[in-house]
Each structure stands twice: as structure tokens, then as C-alpha cells.
Amino acid sequence: DTAVSQTPKYLVTQMGNDKSIKCEQNLGHDTMYWYKQDSKKFLKIMFSYNNKELIINETVPNRFSPKSPDKAHLNLHINSLELGDSAVYFCASSQPGRRVDFFGQGTRLTVV
Amino acid sequence: ELKVEQNPLFLSMQEGKNYTIYCNYSTTSDRLYWYRQDPGKSLESLFVLLSNGAVKQEGRLMASLDTKARLSTLHITAAVHDLSATYFCAVDINSGAGSYQLTFGKGTKLSVIP
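Residues numbered from 1 in each chain as written. Chains lettered and ligands numbered in written order. Predicted model: local features only at pLDDT ≥ 70, side-chain atom pairs only at ≥ 80, totals over all residues. Heavy atoms only, no water.

Trainee: Provide a residue-level description of the overall build of chain B, including the pertinent values.
Mentor: When helices and strands are tallied, chain B shows zero helices and eleven strands. The secondary structure elements of chain B, listed N-terminal to C-terminal, are β-β-β-β-β-β-β-β-β-β-β. Relative to the globule expectation of 13 Å for 114 residues, the C-alpha radius of gyration of chain B, 14 Å, shows essentially globular dimensions. In terms of its C-alpha atoms, chain B occupies a principal-axis envelope of roughly 45 × 30 × 20 Å. For chain B, the residues scored as buried account for 45% of the 114 residues in total. Once local pairs closer than 6 in sequence are excluded, the contacts in chain B between residues at least 24 apart make up 53%. Approximately 5600 Å² of chain B is accessible, and the part contributed by carbon and sulfur atoms is 49%. Between the mean site of the 11 positive side-chain charges and the mean site of the 10 negative ones, chain B shows a separation of 3 Å. (Helix = DSSP H or I, 4+ residues; strand = E, 2+ residues; numbered from the N terminus. Rg over C-alpha atoms; globule rule 2.2 N^0.38 Å. Buried < 20%, exposed > 50% of the residue type's maximum accessible area, 1.4 Å probe, protein only. Contact = heavy atoms within 4.5 Å. Areas by Shrake-Rupley, 256 points an atom, 1.4 Å probe, with all protein chains shown as cover. Lys, Arg positive; Asp, Glu negative; His and termini not counted. Charge placed at Lys NZ, Arg CZ, Asp CG, Glu CD.)

This is the structure:
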């Protein structure tokens, strides 16, 4: 069974569109994360979220918004996509205070 | 702002050789992680180092942590082609409400040449 699953795996879309990436974890973890990996393979935290609090990296544009329908899901919604949004987006999860070592397989977003 | 620096960023080595990847970080943290990423794949957790002097070994890889020097090393012994991948170190900080955010180094792309 996949611990952290993301869909879609690949997403190609035009500038200006709105898109969502879905993430689900079946580990019973309380905290979920979104990370962005750019073309140079540099990984950076975007959000962390548990049922109490959303922590936003201040460098993330407000076009990006995480949405959590329940504890097992944290979706990433992106408005008005730009070319610079092209990257691989990873979802991850952890228990409070525990290590973060469960990553999804990534979603490769290409904005054309 | 926490900064994590890895070196080298690119490493090409022959099979059978030994080498060390270094990871320096700028502020106090109790946990350091090493991940492996194969091309087009996700991140695989290799080691979590929790305390000063911690040393962990798995196969041909050994990781150590010196919290006083804010330095971790990933030592590769007798490299084989299967170790070719990108290796990331990461340090976590408590971002509140039980969330720990990882700050990653830029990664070391390792190529092991037969």
C-alpha cells in the first residue's frame, strides 16, 4: 500500500489556468506538508498543516493555497498559473514532533 | 534563516573508491536527515541523526553528526554503480503546533563510474 499518494503524477497546463494537486496519506499522521523542487533540484517547504494550524512559508505566492478536507488529505490549489510554477511538487506527512520521512512520488507540473 | 550547505554538489567517482559528502547548517537543530533521490523519483529516507556524535550505517553508507560543529557527513565506502543518485541532507526546525519543517541542502549528485 502506498503511504503517501499524489495525483496526478504529471500535469501540463497553460499559463493562467487554475489547477489542483491531490495528496492522501494512509498513515494516520496528523501533519502534512507540501514541498517544491525546482529545475535545479532545490527542495523548499511551502506549507505545513495539521488539524490545528497552517504554517505558510512567506515566500510562497498567495496564488497557492492548501486545502484539507480531512486529516488524511492535503490538496494544493494553484490559481493563475505562471511559467515559473513549473516544478515537481512533493507531498509529505509526519506525526507531531516526529521525523518527516514519508514523501509522495511527486507531481511534475509543467506550465506552457 | 536556517541555511544548509552541502558539498560537493557534483561528485563523480570510480567504483571501489571512498568519498565523503559534507553538510553544514547554520543554526541549532537536534535532527539531521539524509535522503536519496533517484532521477524522476521521490525521496527515500536513509538516515535520521538525533544527537551529537550519532553514527548510523547502512551497507556502504555511513552518516555521522557533530551538533557542536553543525556538521554531518555521509561517507561512501567502496562505491558501486547502484549508489548513483542525488543525496540530500536536511535539517528540521519546529515551526509550531507540532510541525517540523525540513530545510534541505542543494543536494549532491553522485555518479559512480564502473
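After that view, the rundown keeps rolling.
Trainee: Now, about the packing of aromatic side chains: what can you tell me, with residues and values included?
Mentor: Per the stated rule, a full pass over the model turns up nine aromatic pairs over all chains. Ring geometry for A:Tyr33 and A:Tyr35: centres 6.2 Å apart, planes at 35°, overall tilted. Residues A:Tyr33 and A:Tyr35 agree in their burial class; the two are buried. Seen from their ring centres, A:Tyr35 and A:Phe103 are 5.6 Å apart, and the 50° between their planes marks the pair as tilted. Here the residue A:Tyr35 occupies a position in strand E4 (residues 31-37), and A:Phe103 occupies one in strand E10 (residues 102-103), the gap between them amounting to 68 residues. Residue classification places A:Tyr35 among the buried positions, given a relative accessible area of 0%. Classification of A:Phe103 as buried rests on a relative accessible area of 9%. One aromatic cluster is present, built from ring pairs that chain together A:Tyr33, A:Tyr35, A:Phe103, B:Tyr33, B:Tyr35, B:Phe88 and B:Phe104. (Phe/Tyr/Trp six-rings, centres within 6.5 Å; stacked < 30°, edge-to-face > 60°.)

Trainee: So what's going on with unusual backbone geometry? Residues and values would help.
Mentor: Between A:Thr7 and the following residue, A:Pro8, the backbone shows a cis peptide bond with an omega angle of -5°. Residue B:Pro8 follows B:Asn7 across a cis peptide bond; omega there is 0°. Along the chain, the position of B:Pro8 falls in the loop between strand E1 (4-7) and strand E2 (10-14). A positive phi is found at B:Arg70, a non-glycine position, where the angle reads about 55°. Inspection of the secondary structure assignment puts B:Arg70 in the loop between strand E7 (61-66) and strand E8 (71-76). Note on B:Arg70: relative accessible area 31%, which makes it partly exposed.

Trainee: Can you break down the nonpolar core residue by residue, with the values?
Mentor: One finds B:Leu32, B:Trp34, B:Leu74, B:Ile76, B:Tyr87 and B:Leu110 to be the most contacted residues of the largest nonpolar core, which totals 25 residues. Elements that contribute at least two residues to this core include exactly E2, strand E3 (19-25), strand E4 (32-37), strand E5 (43-49), E7, E8, strand E9 (85-96) and strand E11 (108-113) of chain B. Examining the composition of this core, we find that four residues originate from one element, E9(B), more than from any other. The residues contacting B:Ile76, other than those within four sequence positions of it, are B:Met13, B:Lys17, B:Asn18, B:Tyr19, B:Ile21, B:Arg60, B:Leu61, B:Leu83 and B:Leu110. Membership of the second largest hydrophobic core comes to 19 residues, among which are A:Cys23, A:Phe47, A:Leu76 and A:Leu109. (Core = buried A, V, L, I, M, F, W, Y, C linked by side-chain atoms within 4.5 Å.)

Trainee: If you had to explain the state of the cysteines to someone new, which residues and values would you point to?
Mentor: What the rule picks out here adds up to two disulfides over all chains. Note that A:Cys23 is cross-linked by a disulfide to A:Cys91, the S-S spacing being 1.9 Å. Taking the sign of the S-S torsion, about -80° here, the bridge from A:Cys23 to A:Cys91 comes out left-handed. A residue pair is termed long-range when its members are at least 10 positions apart, and A:Cys23 in strand E3 (residues 19-25) and A:Cys91 in strand E9 (residues 87-94) qualify at 68 residues. An identical accessibility class is assigned to A:Cys23 and A:Cys91; each is buried. Between B:Cys23 and B:Cys89 runs a disulfide, and the two sulfur atoms are separated by 2.0 Å. Taking the torsion about the sulfur-sulfur bond, which here is approximately 80°, the covalent link between B:Cys23 and B:Cys89 counts as right-handed. With B:Cys23 in strand E3 and B:Cys89 in strand E9, this residue pair connects regions lying 66 residues apart in the sequence. Pair check on accessibility: B:Cys23 and B:Cys89 agree, each one buried. (Disulfide = S-S within 2.5 Å.)

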